[in-house]
Amino acid sequence: MAAMSTRVAKVRSFPQPRGPRNPISRKQVESVISRSIAGFGIVFGAQTVPVMLGQIAQAQPVWVNFVVIPLFASLILAAFASVVRRFVRAAHGLVSVVYLVALVTWPLAVIDPTRADPSNHWLYFLLTVATATAAIAFSTRVATLYLFIVPTIYGFIHALPAGGNATLTQSALDSIYSIILGGAIMIIVTMLRQASASVDNAQATALDRYSHAVRQHATEVERVQVDAIVHDSVLTTFISAARAFTPEAKELAATMATNAIGHLHDAALVPPDDGTTLRLREVAQRITDAAASMSPAFELRVRDLGPRAIPVQAAEAVASAATQAMVNSLQHAGSSKDLRRWLNIHGIRPTGIIVEIGDTGEGFDVDSVPTERLGVRVSIIERVSNAGGTTTIRSAVGKGTVVFIRWPAEEPRASLPVQDDTAADQQYRGARL
């Protein structure tokens, strides 16, 4: 065990991006404003009831039934709509419209204008509520017109005999006060809307830039994948063909050439990170087909795959890395008669896969592999890492090599059972595990 050299290729884990818990947006700001104004209207409406009861005897009953009751009902409806976030603008607009109707019909509903109360009418206490609901329901231009017109109408009616016969100074002061208070509310609402709109635009811009960065990353990942394919499929095929002097070597080179063409064709058809998935059975079938085309053959064991599926990019990376590991075993493990090669494919829950490629061949010192040798580092380790997996290579000179490929990334379980046919192989596995 001490003589074994071990290298584990781990994937650098990045935290998943999470949206802010309470992101500022136009929708949320509108919700807060509408609820605040609706609550403000309920409170002022409750405070208005005693004054209204003291003046209601001066009004026609029909006006009370068809104007006053709908006005207070609209305040309750606006509060309910603001809480449930449905038909908010319509409900607040109803308050503004019903109030304007009540205001305009107020002098017509007075039974005896000569006995009208000279103090402020109870509608005055809801004037600011009406201008605030108009700011919610209407556009800024319409709400501004409402802000100036409605208080002016109140001041005009209040100066009439039916409205209390107030002095021009008193009615003007009441109107100006209502305009100032309603204008302050409208300014706050407008500023909050503009600020939230700016935040929404900034978020949209950030998302657009992030999407652009993601596309650039996908392009870079695709470039790395193509580079890996060119290396382990095309260049390796050329090298094998140049060194093919025996019929078996020539047959292997021809098989590798066929596989290289297939890899290049698949790379052209499959876009990076297209969201599709591939069943583990299909991934295992692709790996076992590649193993069956090689000579000498690998001992196969496939189990616990089930109906699970993994992203197609992960499947491509795992299958290609496993094929490259088998090619490396054929090329570098030697040709001893006692040499054994095996391939184990094992499904893991909830959705994952482990592929083990091993041999009892010559082995090598993992730490002594030059950095310019790209076969293991790029074709296997980096390829699986870029897809979100992890690779473990365990090898020692004279003791064989075992490659564990796991997706998704996690510490590989070295206790995965493989073969236990011979005592020598059991001894080797005991040292390896």
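My aim in this report is to walk through the structure given alongside it, one point at a time.

What counts and what doesn't
Residues numbered from 1 in each chain as written. Predicted model: local features only at pLDDT ≥ 70, side-chain atom pairs only at ≥ 80, totals over all residues. Heavy atoms only, no water. Helix = DSSP H or I, 4+ residues; strand = E, 2+ residues; numbered from the N terminus. Buried < 20%, exposed > 50% of the residue type's maximum accessible area, 1.4 Å probe, protein only. Salt bridge = Lys/Arg side-chain N within 4 Å of Asp/Glu carboxyl O. Axes fitted to C-alpha atoms, helices over the stretch in contact; angles between N-to-C directions. Parallel < 35°, antiparallel > 145°, perpendicular 65-115°, else oblique. Left-handed = near helix turned anticlockwise from the far one by under 90°. Contact = heavy atoms within 4.5 Å. Nonpolar A, V, L, I, M, F, W, Y, C, P; charged D, E, K, R; others polar. Core = buried A, V, L, I, M, F, W, Y, C linked by side-chain atoms within 4.5 Å. Phe/Tyr/Trp six-rings, centres within 6.5 Å; stacked < 30°, edge-to-face > 60°. Pairing = 2+ DSSP bridges.

Considerations on unusual backbone geometry
Logical step 1: That bond from tryptophan 407 to proline 408 is cis: its omega, 5°, falls within 30 degrees of zero.
Logical step 2: A positive phi angle, near 60°, is found at arginine 85, a position not held by glycine.
Logical step 3: Counting through the fold element by element, arginine 85 comes out in the loop between α2 (61–84) and α3 (88–109).
Logical step 4: Assessed through its relative accessible area of 48%, arginine 85 is described here as partly exposed.

Quick notes on the pattern of salt bridges
Logical step 1: Considering all chains together, one arrives at three salt bridges under this definition.
Logical step 2: A salt bridge links arginine 286 to glutamate 316; its shortest N-O distance comes to 2.8 Å. One end of the pair, arginine 286, is in helix α8 (residues 280–292); the other, glutamate 316, is in helix α9 (residues 312–332), and 30 residues separate them in sequence.
Logical step 3: The residue glutamate 299 makes a salt bridge to arginine 340 at a minimum N-O spacing of 2.6 Å. Of the two residues, glutamate 299 sits in strand β3 (residues 299–303) while arginine 340 sits in the loop between α9 and β5 (341–348), which places them 41 residues apart along the sequence.
Logical step 4: Accessibility expressed as a relative area gives 27% for glutamate 299, which makes it partly exposed.

Here's the deal with the packing of α2 against α3
Logical step 1: Interaxial distance between α2 and α3 falls to 9 Å at its minimum, and their mutual angle equals 160°. As the angle between them shows, α2 and α3 are arranged roughly antiparallel. α2 and α3 meet at a crossing whose hand is left-handed. Listed contacts from α3 to Trp63, Val67, Pro70, Leu71, Ser74, Leu75, Leu77, Ala78, Ala81 and Ser82 of α2 are Val88, Ala91, His92, Leu94, Val95, Val98, Tyr99, Ala102, Thr105, Trp106 and Ala109.
Logical step 2: Its residues assigned to classes, the contact of α2 with α3 comprises 17 nonpolar, four polar and no charged.

Things to note about the nonpolar core
Logical step 1: In this structure, Ile287, Met326, Leu343, Ile353, Val355, Ile357 and Ile405 are the most contacted members of the largest nonpolar core, which totals 35 residues.
Logical step 2: Mapped by element, the contributors of at least two residues to this core are α7 (247–269), α8, α9, β5, β6 (352–359), α10 (374–386) and β8 (400–407).
Logical step 3: Discounting chain neighbours no more than four positions away, the residues touching methionine 326 are Ile287, Ala290, Ala291, Met294, Phe298, Leu343 and Ile357.
Logical step 4: The next biggest cluster of nonpolar side chains, apart from the first, holds 33 residues, and it includes Val68, Leu71, Leu75 and Ala134.

Overview of the environment of methionine 256
Logical step 1: Structurally, methionine 256 is set in helix α7.
Logical step 2: Here methionine 256 falls in the buried class, since its relative accessible area comes to 7%.
Logical step 3: Residues methionine 256 and valine 327 lie 71 residues apart in sequence; the distance between their C-alpha atoms is 8.8 Å.

Remarks on the packing of aromatic side chains
Logical step 1: With the rule as written, the count across this model stands at six aromatic pairs.
Logical step 2: Taking the centre distance of 4.4 Å and the plane angle of 45° together, the rings of phenylalanine 40 and phenylalanine 44 count as tilted. With a gap of four residues between them, phenylalanine 40 and phenylalanine 44 both fall in helix α1 (residues 26–55), about one helical turn apart.
Logical step 3: According to the relative accessible area criterion, phenylalanine 40 is partly exposed, its value standing at 25%.
Logical step 4: One aromatic cluster is present, formed by Trp106, Tyr124, Phe125 and Tyr154 through successive ring pairs.

A word on the pairing of β8
Logical step 1: Of all eight residues making up β8, eight are buried, and the element is well covered by its neighbours.
Logical step 2: Taken together, the seven bridges between β6 and β8 define a ladder with antiparallel strand orientation. If you follow isoleucine 357 over to β8, its bridge partner there is valine 403.
Logical step 3: Note: strand β7 (residues 390–396) against β8, seven bridges, orientation antiparallel. Each bridged residue has a counterpart across the sheet, and for serine 395 the counterpart in β8 is threonine 401.

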